Structures are given as C-alpha cells and as structure tokens.
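Below are the chains, spelled out letter by letter.
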Amino acid sequence: MKDIYYGKQTISNDDVEAISKALTSNLITTGPTTKKFEEAIAKYCDVKYCVAVSNGTAALHLASLVLLDKDDKVLTTPNSFLATSNSILYVGAKPIFIDICKDGNIDLDICEEYLKKDKDIKAIYGVSFSGNMLNQEKLAYLRKTYNIKILEDNAHSIGATYDGIKSGSCRNSDCSIFSFHPVKHITTGEGGAITTNSKDIYDKLISLRNHGIIKTPNMKPWEYEMQTLGFNYRITDIQCALGISQLKKLPDFIKRRVQIAKNYDEAFCDTIIKPLYTYDGNSSYHIYVVLVDFTKLTISKEELYHILKDKYNIVFQIHYIPINQQSYYKSLGYGDEHTPIMDKYYEECFSLPIYPLLSDDEQKYIIKSLKEVLNVR
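From a predicted model like this one, the values you see are computed outputs, not experimental measurements. (Residues numbered from 1 in each chain as written. Predicted model: local features only at pLDDT ≥ 70, side-chain atom pairs only at ≥ 80, totals over all residues. Heavy atoms only, no water.)

J.: So what's going on with the sheet that holds strand 14 (residues 349-352)? Which residues, and what values?
T.: The three strands lie next to each other as 12-13-14, forming an open sheet whose pairing is antiparallel. In the strand order of this sheet, the two ends are held by strand 12 (274-275) and strand 14, each with one partner. Where strand 12 and strand 13 (residues 288-291) come together, two bridges link them in antiparallel fashion. Paired with proline 275 across the two strands is valine 290, which belongs to strand 13. Sitting on the sheet, helix 9 (residues 250-268) is in contact with strand 12, strand 13 and strand 14, with an inclination near 15° to strand 13. (Pairing = 2+ DSSP bridges. Helix = DSSP H or I, 4+ residues; strand = E, 2+ residues; numbered from the N terminus. Contact = heavy atoms within 4.5 Å. Axes fitted to C-alpha atoms, helices over the stretch in contact; angles between N-to-C directions.)

Below you can see the structure in the form of structure tokens.
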C-alpha cells in the first residue's frame, strides 16, 4: 500500500486542459488570466479587490509592507506556520505571541488585555486555523475600539464562513491572505493572494508585487516608474489558469472535506481521540486535528507516528510546533511566553488525512488502524 499523507492535491483532466490552453496563449506570465483569477477570487469571497502573488508567504510579506511600520508591535499566534510571524519580522516590526483558544485560534480576549495596556500595539495577525474562521464580532469590536490594523491569515479557510461572513471578505479586517499550495483547498502549484476592500491598499499591493513599479496613461509606451522598493512576487497566467479551474470545483472539494470530518467526528465520539472541534457548519477543513492525552497512555506521540507510518502506511502531521519555541525566535528573546493552552495543545495534537481524493475505504482503514494502535474500542 502507498503511504496515505495528511493532504494531497486534486488534479483532474480539465485542470490539465486549462494549463495546456494557457501555455499556448501569447502571455504565460502575469497577464489577463491572472486578472480573471483575481476577479474570480474576489467574487467568490465577496470582497472588492484581490491581488494574486507567487505564494502565501509573499502575500503575507506584501500585506505587512502596507499595514505595518518599523517597530510596530503586532499580536499574533504561535499556532501557525512560520510565515505568519516571519512576515512581521520582514518589515522590522515585533511579533508578540498570544495564547490560543481551545479551537486552536488566537485568543482575542487576551489580545484585548494587551491592547488595554500597550498603546504601541498596532495590529493583530490572526490565523483561521484548520479552516475555522476567527470570531468576527470580536474582530470588529477590537478594530473599532482600539483603532488597530487586522490581518486575517486565511491560508486554511477559503470557503469557510462565520455567521454568513465569507473567509477573505475582509468584513472586519484590512487584509486577508490565502495560500494555494498543493495541500490547500485549491492549488496553483505554488501561489497566494491578498484580498482587501481598500483601493489604497490594493494599489500599493499591485505596485509592490512588481518591483515597486507603476505605469500611468500619460507615460510613453515603454516608460515605467519605480516609486518604492518592491519585489518580484508575480504569479503566472499558467498558474492562474489552473486556479480558475480549481476554484470552480471548490464547493465540491469542501463538501467532501466536510463529509470526511463528519465521519471522523462520529468514529471518535466518546473515545480518547478528541477532535479539536466537531463540525459546526462553518469550517472548510483544511486539516482535521485530533487531541490525545498521551500522559494516560503507554505510547508516545512519536511512537504513534512511527507505528502508523511503518506498519500501516499512514502519515499524520503536526500543526504546529509553537513558533515562539523555534531556535531562531529563541535567539531573539522569545520562548518564555505564558501560553499554557498552546503548550498543552502541542503535546496532544496531530492531523489526520483529509482531502477530496481520500476514499471511504481509506478513511475507514485510518480510523480502524488508529483505534487499533491506541487500543480504542
């Protein structure tokens, strides 16, 4: 049996045809297909503007360049991939790591405690972890009350909703970002996007994506002007052709992910295998996280990993190692934050396979194998 990984892209013949068509067009780098993809994402997310870029990290970097100034303090989560907080460092700002809630998302109540005490805090970078959006009422309140910038890292949550508010709509944030890495809901190979409702932010992002260059109607055809130090974070029309094709199938992708999540919920009900949260009608389930209290077992998480991989060909993943405990961050003085929920979460968490191509039989095999190894009846 081939290894069953926690995530996998879903590529079909129509995706291949879309790429092939793009390859024969006049423009294969950033061009009209990129614009169509941006418009499609904006329409899907119910937001005014979208800027597609080379990857999710580039999206975070460009958003940070627009939202933050040097030495700004930014509240963020330790429960994310490194790129979220790294983007704060890229622009000379300072991340402050806040503990998480039981659902894996940043604790916005603790954020407010910090905001009350420190006027130098200028922003919150929250992650819609696993496909579960941040509390939108609380975001709106914090943004208005404390006049701070809000970035929603929605790399996990395209297609998710919160009381009818769509992920990426920026209803209560300045920017949102997406990732189109192969393990995400839709893929462009590598790729990302920033959404916003601000024309000013949009214009700055467009320029920064392309070396800080602008072109105006009164310029000669060959002229361009570099107004700021930008980057080459462009995405190609080839990638965006794939993205357009994938986006059309996103509702079906999410429907399948939700069904897999419901199957897991039912299988692990009243066992020592605890879902991070059970399905509530809102999450789009980029990952499916379970918690196991290994202090009550004779097996460690590392032993479980190797047994499932070596004996059963099932490869789970950990989302995430606390960012503030990484050696680079420790060299900057981090690591002693009071994050008891995050610490306990990291000891217990692991992510099970969830992706549209995962068959019912494969999922039953995963459930059976995990229960067998953990002696769950």
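Now that the structure has been shown, the text picks up again.
J.: So what about the sheet that holds strand 8 (residues 175-179)? Which residues, and what values?
T.: Ordered in space as 1-9-8-5-4-2-3, the seven strands form an open sheet in which the pairing is mixed. Of all the strands in the sheet, the pair left with one neighbour each is strand 1 (49-53) and strand 3 (94-97). Within this sheet the neighbouring strands show an average axis-to-axis angle of 20°, counted without direction. Of the pairings in the sheet, the one linking strand 5 (residues 149-153) to strand 8 comprises three bridges and is parallel in character. In the strand pairing of strand 8, glutamate 152 is matched with serine 176. The strands touched by helix 3 (residues 56-67) within the sheet are strand 1, strand 4 (121-127), strand 5, strand 8 and strand 9 (192-196), with strand 8 carrying the most contacts at an inclination of about 165°. Its contacts with the sheet place helix 5 (residues 108-117) against strand 2 (73-76), strand 3 and strand 4, and it is angled at close to 170° to strand 4.

J.: How would you summarise the pattern of salt bridges if you had to cite specific residues and measurements?
T.: Side chains carrying opposite charge are able to pair once their charged atoms draw close together. Counted under the stated rule, the structure contains 15 salt bridges. Between arginine 209 and glutamate 38 there is a salt bridge whose closest N-O contact spans 2.8 Å. On the criterion of sequence distance, the pair formed by arginine 209 in helix 7 (residues 199-209) and glutamate 38 in helix 2 (residues 32-45) is long-range, its members being 171 residues apart. Its relative accessible area of 4% is what places glutamate 38 among the buried residues. In this structure, aspartate 203 engages lysine 199 in a salt bridge whose closest nitrogen and oxygen atoms are separated by 2.9 Å. Here aspartate 203 pairs with lysine 199, and both are found in helix 7, just four residues apart, close to one helical turn. (Salt bridge = Lys/Arg side-chain N within 4 Å of Asp/Glu carboxyl O. Buried < 20%, exposed > 50% of the residue type's maximum accessible area, 1.4 Å probe, protein only.)

J.: Tell me what's going on with the environment of glutamine 326, and back it up with residues and numbers.
T.: Its place among the elements puts glutamine 326 in the loop between helix 10 (301-312) and helix 11 (327-331). Between the alpha carbons of glutamine 326 and isoleucine 214 there is a distance of 39 Å; along the sequence they are 112 residues apart. Those residues within four positions of glutamine 326 in sequence are excluded, and the remaining contacts are Leu82 and Ile321.

J.: I'd like a rundown of the nonpolar core, residues and numbers included.
T.: Membership of the largest hydrophobic core comes to 63 residues, with the highest contact counts inside it found for Ile41, Tyr264, Phe268, Leu304, Tyr345, Phe350 and Leu370. No other element matches helix 9, which puts nine residues into this core. The contacts of tyrosine 264, once residues within four sequence positions are left out, are Tyr288, Leu352, Pro353, Leu358, Gln363, Ile366 and Ile367. Among the nonpolar cores identified, the runner-up in size contains 27 residues, and Val53, Ala123, Cys175 and Tyr202 belong to it. (Core = buried A, V, L, I, M, F, W, Y, C linked by side-chain atoms within 4.5 Å.)

J.: Give a detailed account of the packing of helix 8 (residues 237-248) against helix 9, specifying residues and quantitative values.
T.: Two numbers describe how helix 8 lies on helix 9: the axes approach to 4 Å, and their chain directions differ by 55°. Here helix 8 lies oblique to helix 9, going by the angle between them. Counted together, Gln246, Leu247 and Lys248 of helix 8 and Leu250, Pro251 and Phe253 of helix 9 form the full contact between these two elements. (Parallel < 35°, antiparallel > 145°, perpendicular 65-115°, else oblique.)

J.: Describe the side chain of threonine 271, with residues and values.
T.: Positionally, threonine 271 belongs in the loop between helix 9 and strand 12. For threonine 271, a relative accessible area of 9% puts it in the buried group. A polar contact is formed between the side chain of threonine 271 and the backbone oxygen of phenylalanine 268, at a distance of 2.8 Å. (Polar contact = N/O pair within 3.5 Å; in protein donor to acceptor, adjacent residues only side chain to side chain.)

J.: Requested: an account of the pairing of strand 1, with residues and values cited.
T.: Among the five residues in strand 1, four count as buried, and that is most of the element. Summarising the sheet, strand 1 and strand 9 pair through five bridges and their orientation is antiparallel. Residue pairing across strands places cysteine 50 opposite threonine 195, the latter belonging to strand 9.

J.: Account for the packing of aromatic side chains, with residues named and values stated.
T.: The full count for this structure, using the stated rule, is 19 aromatic pairs. On the basis of an interplanar angle of 85° and a centroid distance of 5.1 Å, the ring pair of tyrosine 305 and phenylalanine 316 is categorised as edge-to-face. With tyrosine 305 in helix 10 and phenylalanine 316 in the loop between helix 10 and helix 11, this residue pair connects regions lying eleven residues apart in the sequence. The exposure class assigned to phenylalanine 316 is buried, which follows from its relative accessible area of 3%. Among the aromatic residues, ring-to-ring pairing joins Tyr264, Phe268, Tyr277, Tyr279, Tyr285 and Tyr288 into one connected group. Over the ring of tyrosine 346 we find lysine 301; its NZ or CZ atom is 5.0 Å from the centre of that ring. (Phe/Tyr/Trp six-rings, centres within 6.5 Å; stacked < 30°, edge-to-face > 60°. Lys NZ or Arg CZ within 6 Å of the ring centre and 35° of its normal.)

J.: Requested: an account of the packing of helix 9 against helix 13 (residues 360-374), with residues and values cited.
T.: Two quantities define a packed helix pair, namely the angle between the axes and the distance from one axis to the other. For the pair helix 9 and helix 13, interaxial distance at closest approach is 11 Å and the crossing angle is 30°. In terms of orientation, helix 9 lies roughly parallel with respect to helix 13. For the element pair helix 9 and helix 13, the recorded crossing hand is right-handed. Residues Arg256, Ile260, Asn263, Tyr264, Ala267 and Phe268 of helix 9 form the contact with helix 13, whose participating residues are Asp360, Gln363, Ile366, Ile367, Leu370 and Lys371. (Left-handed = near helix turned anticlockwise from the far one by under 90°.)

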